[in-house]
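Residue-level listing of the chains:
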Amino acid sequence: RNLEDYDKAVTSYETALETQEKCLEENDMINAEVHEKLAETYLLSKDMERAVASMEDSVGVKRSTLGSDSEELARSYSKLGEYYKRSGEYSSSIKYHTRALRVFKHHDRKEMAATEHNKIAGILKLSGEPNKAMEHYMAALWHSREARLPSTDPIVADTIKNVASFQKG
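Residues numbered from 1 in each chain as written. Predicted model: local features only at pLDDT ≥ 70, side-chain atom pairs only at ≥ 80, totals over all residues. Heavy atoms only, no water.

**Student:** Help me understand the packing of helix α6 (residues 110-126) against helix α7 (residues 130-146), please; the structure alone is not making it clear to me.
**Tutor:** When two helices pack together, you describe them by how their axes are tilted relative to each other and by the distance separating the axes. Packing of α6 against α7 brings their axes to within 8 Å, and their N-to-C directions diverge by 165 degrees. Put simply, α6 runs roughly antiparallel to α7. Considering the relative orientation of α6 and α7, their crossing is left-handed. Taking contact as the criterion, the partners of K110, A113, A114, H117, N118, I120, A121, G122, L124 and K125 in α6 are, on α7, K132, A133, H136, Y137, A139, A140, H143, S144 and E146. Within the contact of α6 with α7, the residues separate by chemical class into 9 nonpolar, 6 polar and 4 charged. (Axes fitted to C-alpha atoms, helices over the stretch in contact; angles between N-to-C directions. Helix = DSSP H or I, 4+ residues; strand = E, 2+ residues; numbered from the N terminus. Parallel < 35°, antiparallel > 145°, perpendicular 65-115°, else oblique. Left-handed = near helix turned anticlockwise from the far one by under 90°. Contact = heavy atoms within 4.5 Å. Nonpolar A, V, L, I, M, F, W, Y, C, P; charged D, E, K, R; others polar.)

Take a look at the structure:
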């Protein structure tokens, strides 16, 4: 895709938000969805600053609407964590992945907790904290086992691969 397509998409989403502001309450979930689509468009066009800002807007609406222990909010926290990681803002990335992790643990979603531990470990490894990274890799494996995931499951396979690469490097 070319930049012109992204510009058109951004304009469409911004127009939708302006229109919705006139018709809907600020914290309507439709606004959260449009902010998230806008964030994805910014991400694809490599405008990380705007991608993060739009995703933060989406998270804010979801937090107000759904409450702080919503699994849907946790998925958005995880996405925002990934956006921050791509921006090189590792501490913010860890913060949002940790928030997602807490919610997934609260709902006893062991496979999602394993995924978040794996993501946090990767960020810690990138930021030069190998001991903390290994703790999260081990926690990911524990949650995977508790979720009774087979060794062929992508979460388990990724964690094992990450532990192996960690030990090599």
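Here the narrative resumes.
**Student:** Explain the packing of aromatic side chains here, please?
**Tutor:** In this description, an aromatic ring pair is defined by two values, namely the gap between the centres and the angle between the planes. Using the criterion set out here, one finds 2 aromatic pairs in the structure. When the ring of Y77 is compared with that of Y96, the centres are 5.9 Å apart and the planes differ by 45 degrees; the resulting orientation is tilted. Highlighted residues: Y77 in helix α4 (residues 71-86) and Y96 in helix α5 (residues 90-106), separated in sequence by 19 residues. Residue classification places Y77 among the buried residues on the basis of a relative accessible area of 5%. Residue class for Y96 comes out buried when judged on its relative accessible area of 8%. Centroid distance Y84 to Y96: 5.7 Å. Interplanar angle 10 degrees. Geometry classified as stacked. Of this pair, Y84 sits in helix α4 while Y96 sits in helix α5, placing them 12 residues apart in sequence. Side by side, Y84 and Y96 carry an identical accessibility label, which is buried. Following the ring pairs from residue to residue traces out a cluster consisting of Y77, Y84 and Y96. (Phe/Tyr/Trp six-rings, centres within 6.5 Å; stacked < 30°, edge-to-face > 60°. Buried < 20%, exposed > 50% of the residue type's maximum accessible area, 1.4 Å probe, protein only.)

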